[in-house]
2 protein chains.
Amino acid sequence: MKCKSLSMIAGGILGLALGLTWSFSALAQVDPLPSWNATPTKQAIVEFVGRVTKVGGPDFVAPAERIATFDNDGTLWVEQPMYVQLAFALDRLRAMAPLHPDWSYMEPFQSVLEGDVKASAKMDEHDIVQLIMMTHAGMTTDEFSKIVTDWLTTARDPRFKRPYTELVYQPMLELLSYLRANGFKTFIVSGGGVEFMRPWTEKVYGVAPEQVIGSSIKTNFQMRDGIPTLFRLPDLNFIDDKVGKPVGINETIGRRPIAAFGNSDGDLEMLQWTTISDGVRFGAIVHHTDAVREYAYDRQSHFGRLDVALDAAVANRWTVIDMKKDWKVIFPFDPR
Amino acid sequence: MKCKSLSMIAGGILGLALGLTWSFSALAQVDPLPSWNATPTKQAIVEFVGRVTKVGGPDFVAPAERIATFDNDGTLWVEQPMYVQLAFALDRLRAMAPLHPDWSYMEPFQSVLEGDVKASAKMDEHDIVQLIMMTHAGMTTDEFSKIVTDWLTTARDPRFKRPYTELVYQPMLELLSYLRANGFKTFIVSGGGVEFMRPWTEKVYGVAPEQVIGSSIKTNFQMRDGIPTLFRLPDLNFIDDKVGKPVGINETIGRRPIAAFGNSDGDLEMLQWTTISDGVRFGAIVHHTDAVREYAYDRQSHFGRLDVALDAAVANRWTVIDMKKDWKVIFPFDPR
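Residues numbered from 1 in each chain as written. Chains lettered and ligands numbered in written order. Predicted model: local features only at pLDDT ≥ 70, side-chain atom pairs only at ≥ 80, totals over all residues. Heavy atoms only, no water.

Colleague: So what's going on with the relation of the copies chain A and chain B? Which residues, and what values?
Modeller: Between chain A and chain B, which share one sequence, the superposing operator has a rotation angle of 180° and an axial displacement of 0.0 Å; the RMSD is 0.0 Å. The transformation relating the two chain copies, once decomposed into turn and shift, fits a two-fold axis. Comparing interface residues between copies, 100% of those in chain A also sit at the interface in chain B, which points to an isologous, same-surface contact. (Least-squares fit on C-alpha atoms with pLDDT ≥ 70 in both. Contact = heavy atoms within 4.5 Å.)

Following this line, the structure appears as structure tokens:
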């Protein structure tokens, strides 16, 4: 090979190496949380991640222990005017009613079926549990998954007129990706039904089925005509809410999270379990303060009440995310 | 730079590249399952993995769906002369008895405490559940984890005189690693206690706490003096055995496995749930046939009975692993 060619090759390699180095530096400057305004909230998140990922630093956490848990309703997607799963259950009530004439004798379901909107909004926890038993049981797990998927494809939110899977919080999608890019495993820990969430959380949030923890009804394994089936029974198995969240986290993950994100009093114990511990920990509450772009609610809300936990945030130094101030956009479809 | 130096550098780079290529080819030939004899069993495993990982092939399975589940007792480690966790529970019974004089009025526990070995071996499922309630509850989850860890450090198997965490099956350790190297997620699905397994399964098997599914008792979240605690209650939560295994798999993983490994009738439903499905699936039973190096047992065994599932293996074309014929060594400490 000629001397001049080798010199050119060596120069080329050197140039390429320098170019790549500069490029990686530039990439390192790209904001991983572009939908978050430059407020102390964003700073707190980035600082926390920096501390637990700094190799050799005093707060370093091994990747295997970087567990972050997220509530779903009101933390990752809308929960007004009611929980999405409640809207689903009411649609199922209406769809299944022709086969269940006995339901017209049961309140508040009779009023709901007659179109009384106030009756739906006033349903308490007992009513909702009963509604779940009525509408979420009596089919196999595969059949239920299909019912959920079909409903989410056609159902539209009454205000925004979009599929519910579009009513997710863009800044939280970025936060999920940012944490995973830094070696975190992201879990959902929700009071909602685990089988209601699993058909879509991987595609929408990047959270795989085995990383979704939620409430559940009992299932029953049977071989039927040589085919193995899991059948959903009208029997409560587990409520993954309030004191149930640390229980569910311990049962499924078996490690304590180092970061937790919630939005209501249902997340108080998860936040306590996560943050009152040795080592650097992060707890955050998504506070709904934006009536224009989304909804403003807290202490008086029927769904997603935030009261005790908002006070506890002060003493525990949890980060309160102000949706109005901290978020450039709310939904992926919001104009920038 | 001198022309001669550049020529040498270029030659060096070329030589290095060729060397690395040859090395990687050589590495590709290294047997990932060195403790498995070259039998049809080994061939079946390797062929299955090849089919589901072949990009563009008809049986390709996306990595996210490559779920493999493993029973523990009798599949990954010894379960004779009794389940290791039963030996633990009996040691706990003896350690705690001074504080529980009432236990000396309860059979079979009175006989056990008086040293009656036969009484221990004859304990049925009801006795074992009661024993678990007595010895595994009444402390926090952290305290229980420490009790388990301490016990495993000092306890010795009566025959091999080693810590139980050394009485694991070397060929299965290699299988776990081999599957993970091929993009599988490996879960344990055991009738044993999930909190009995979690303190050590990551270190011994490479299976993280969130990938361990097992039986459990109820826990209770409480803030005590400002400290969040999870307290273990003498109340059964879930038995992850037989029909319970598909239920547990669905609850925690939310995906059907594509490969399952068991050793007894307690794994029948897990094997059915995994293999009777569209697509290429793999089911295997570890058959204890080696009385010299380990134990030989199946249809008559008190612990780990293999009877119905052994017959079902024929019709379902599950691979029956013959420990005597298929394994070069049993334990990591066996001479080669």
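Colleague: Give me the lowdown on the pattern of salt bridges, citing residues and values where you can.
Modeller: Oppositely charged side chains are able to pair whenever their charged atoms sit close together. Applying the stated criterion to the full structure yields 33 salt bridges over all chains. Linking Asp31 of chain B and Lys42 of chain B is a salt bridge whose minimum nitrogen-to-oxygen distance equals 2.6 Å. Pair noted here: Asp31 of chain B is in the loop between helix H1 (3–29) and helix H2 (40–53) and Lys42 of chain B is in helix H2, with a separation of 11 residues, a long-range link. Take Asp31 of chain B: its relative accessible area is 32%, and that puts it in the partly exposed class. Between Lys245 of chain B and Asp267 of chain B there is a salt bridge, and its shortest N-O distance comes to 2.6 Å. Of the two residues, Lys245 of chain B sits in helix H11 (residues 244–252) while Asp267 of chain B sits in the loop between strand E5 (259–262) and helix H12 (268–275), which places them 22 residues apart along the sequence. Given a relative accessible area of 0%, Lys245 of chain B falls into the buried group. When salt bridges with common partners are traced through the structure, they connect Lys185 and Arg255 of chain A together with Glu202 and Glu210 of chain B into a single cluster. (Salt bridge = Lys/Arg side-chain N within 4 Å of Asp/Glu carboxyl O. Helix = DSSP H or I, 4+ residues; strand = E, 2+ residues; numbered from the N terminus. Buried < 20%, exposed > 50% of the residue type's maximum accessible area, 1.4 Å probe, protein only.)

Colleague: Give a description of helix H6 (residues 125–135) of chain B that names residues and reports values.
Modeller: Residue and element names in this part refer to chain B. All buried positions along H6 are accounted for by Asp127, Ile128, Leu131, Ile132, Met133, Met134 and Thr135. The inward-facing, buried residues of H6 abut helix H3 (84–96), helix H4 (109–113), strand E3 (212–224) and strand E4 (227–238). Residue Asp124 occupies the N-cap position of H6, its side-chain oxygen lying 3.1 Å from the main-chain nitrogen of His126. (Polar contact = N/O pair within 3.5 Å; in protein donor to acceptor, adjacent residues only side chain to side chain.)

Colleague: An account of the packing of aromatic side chains is requested, with residue identities and associated values reported.
Modeller: The way to describe two aromatic rings as a pair is by their centre distance and the angle between their planes. Residue and element names in this part refer to chain A. Applying the stated rule across the entire model yields 38 aromatic pairs over all chains. On the basis of an interplanar angle of 75° and a centroid distance of 5.7 Å, the ring pair of Trp36 and Trp327 is categorised as edge-to-face. Of this pair, Trp36 sits in the loop between helix H1 (3–29) and helix H2 (40–53) while Trp327 sits in the segment after helix H13 (323–326), and the two are 291 residues apart along the sequence. For the residue pair Trp36 and Trp327, the accessibility class agrees, reading buried in each case. Grouped by ring-pair contacts, the aromatic residues Trp36, Phe160, Tyr169, Trp327, Phe331 and Phe333 constitute a single cluster. Note that Arg159 overlies the ring of Tyr295, its terminal NZ or CZ placed 4.7 Å from the centroid. Here the guanidinium or amino end of Arg256 rests over the ring plane of Trp273, the centre of that ring lying 4.0 Å away. (Phe/Tyr/Trp six-rings, centres within 6.5 Å; stacked < 30°, edge-to-face > 60°. Lys NZ or Arg CZ within 6 Å of the ring centre and 35° of its normal.)

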